[in-house]
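The lines below spell out each chain.
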Amino acid sequence: MQRLAIFGGTFDPIHWGHLLLAKTALAQLHLKQVIWVPSRNPPHKQAAVFEHRVSMLQLATKDNPMFTVSLIEREGSGTSFAINTLIDLSICYPNTHWYWIIGLDAFQTLPRWYRGHELAKMCDWLIAPRLVGGETIAQTELICKQVEQQFQEKSFTIHWQLLDTPVVRVSSTVIRELCSQGYSIRDLVPESVRLYIAKHNLYTNNSE
Ligand code: ATP
């Protein structure tokens, strides 16, 4: 059975933090591939045009043959839900043991996702530490165990493990803010992504 990971997100834009997580997951779990899945219409966020986010993902991942960008969420109308994405990808990639890469901030919200309890047991969760009050590994683990307990209380099992990465403070929000204030984002995103943002004038007050 092949081992694949889904990395879902808004990627508005993709940054070095995302790439570090994906590379760590590949190495730590001996995965065949990481499938990047940009949300077309994320339930909780307003985001830049889907095509721009996809283009930036493609630029940032094109040199790694173990990275694939999936457009599975492009079709359909309304909100894109993670459980539907996993069901659809399971049809495209049969005979797969699924992992899902997620930051601690997002993992904490999993019990409230649409059909989150069902989704939780359909894959193993690879959790990246992030500053949400979990500055140390022990605190991060404690937060994960609290989430696990919420599932157990409803008789659902969840399998998770921490990704062995340092906490990386970069976020897409910070990048968008720096762009809107005219600051450089040179060290926060791949150069191809930085050039794309500049060319298309993204995240400025006159954005496309
Ligand atoms: P925004 O700042 O717009 O909320 P983001 O930087 O969190 O964006 P997303 O595309 O929303 O990026 O993130 C996709 C996934 O990657 C989420 O699970 C998120 O928690 C995780 N993630 C993003 N950046 C980091 C980071 N620096 N450390 C750990 N996890 C991260």
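Everything that follows concerns the structure shown earlier in this document.
In this report, the structure presented in the accompanying data block is examined. Here the structure is a predicted model, which is why all the values come from computation and not from measurement.

Right, let's get into the overall build of the protein. Within the protein one finds 8 helices and 6 strands. Going from N to C terminus, the protein has its helices and strands arranged as β-α-β-α-β-α-β-α-α-β-α-β-α-α. The C-alpha atoms of the protein give a radius of gyration of 17 Å, which matches the 17 Å a tight globule of 208 residues would have. By residue count, 47% of the 208 residues in the protein fall in the buried class. Taking contacts inside the protein between residues at least 6 apart in sequence as the whole, the part at least 24 apart equals 75%. For the protein, the exposed area adds up to about 10,700 Å²; of that, 51% sits on carbon and sulfur atoms. Positive and negative charge centroids in the protein, built from 19 and 18 side chains respectively, lie 2 Å apart.

This part is about the side chain of Thr96. On the secondary structure map, Thr96 appears in strand E4 (residues 96–103). At 2.9 Å, the side chain of Thr96 forms a polar contact with the side chain of Gln2. Excluding residues that lie within four positions of it along the chain, Thr96 makes contacts with Met1, Gln2 and Leu4.

The next subject is unusual backbone geometry. Cis geometry marks the peptide bond from Asp12 to Pro13, where omega comes out at 5 degrees. Examined against the element boundaries, Pro13 turns out to sit in the loop between strand E1 (2–9) and helix H1 (16–29). Phi is positive for Ser155, close to 65 degrees, though the residue is something other than glycine. Structurally, the position occupied by Ser155 is in the loop between helix H6 (137–153) and strand E6 (159–162). The exposure class assigned to Ser155 is exposed, which follows from its relative accessible area of 69%.

What follows covers the pattern of salt bridges. A full pass over the atoms with the stated rule returns 7 salt bridges. Among the ionic pairs, Glu191 bridges to Arg186, the shortest N-O distance being 3.9 Å. Among the residues examined, Glu191 registers a relative accessible area of 36% and is labelled partly exposed. Take Arg186: its relative accessible area is 46%, and that puts it in the partly exposed class.

What follows deals with the packing of helix H2 (residues 50–61) against helix H8 (residues 191–199). One way to put it is that H2 packs onto H8 with a least axis distance of 8 Å and a crossing angle of 150 degrees. Comparing the axis directions of H2 and H8 gives the class roughly antiparallel. Note on packing geometry: the crossing formed by H2 with H8 is right-handed. Residue-level contacts link Glu51, His52, Ser55, Met56, Leu59 and Ala60 of H2 to Ser192, Val193, Tyr196 and Ile197 of H8. Broken down by class, the residue content of the contact of H2 with H8 amounts to 6 nonpolar, 3 polar and 1 charged.

The parallel open sheet is built from 6 strands, whose spatial order is E3-E2-E1-E4-E5-E6. Here the strands that pair on one side only, and so sit at the sheet edges, are strand E3 (67–69) and E6. Within this sheet the neighbouring strands show an average axis-to-axis angle of 25 degrees, counted without direction. Of the strand pairs in this sheet, E1 and E4 are connected by 6 bridges, and their pairing is parallel. Residue pairing in the sheet places Arg3 in a bridge with His97 of E4. Lying on the sheet, H2 is in contact with strand E2 (33–38) and E3; it crosses E2 at an angle near 160 degrees. In the packing of H6 onto the sheet, contacts are made with strand E5 (124–128) and E6, and the angle to E6 comes to roughly 170 degrees.

All right, on to a nonpolar patch on the surface then. Together, Ile87, Ile91 and Met122 line one region of the surface with nonpolar side chains, adding up to about 270 Å² of accessible area. By secondary structure assignment, the location of Ile87 is in helix H3 (residues 82–92).

Calculation rules
Residues numbered from 1 in each chain as written. Predicted model: local features only at pLDDT ≥ 70, side-chain atom pairs only at ≥ 80, totals over all residues. Heavy atoms only, no water. Helix = DSSP H or I, 4+ residues; strand = E, 2+ residues; numbered from the N terminus. Rg over C-alpha atoms; globule rule 2.2 N^0.38 Å. Buried < 20%, exposed > 50% of the residue type's maximum accessible area, 1.4 Å probe, protein only. Contact = heavy atoms within 4.5 Å. Areas by Shrake-Rupley, 256 points an atom, 1.4 Å probe, with all protein chains shown as cover. Lys, Arg positive; Asp, Glu negative; His and termini not counted. Charge placed at Lys NZ, Arg CZ, Asp CG, Glu CD. Polar contact = N/O pair within 3.5 Å; in protein donor to acceptor, adjacent residues only side chain to side chain. Salt bridge = Lys/Arg side-chain N within 4 Å of Asp/Glu carboxyl O. Axes fitted to C-alpha atoms, helices over the stretch in contact; angles between N-to-C directions. Parallel < 35°, antiparallel > 145°, perpendicular 65-115°, else oblique. Left-handed = near helix turned anticlockwise from the far one by under 90°. Nonpolar A, V, L, I, M, F, W, Y, C, P; charged D, E, K, R; others polar. Pairing = 2+ DSSP bridges. Patch = residues over 30% accessible without salt bridge, like charges linked within 9 Å, V, L, I, M, F, W, Y side chains within 5 Å.

Function-wise, these values are silent; they only describe arrangement.
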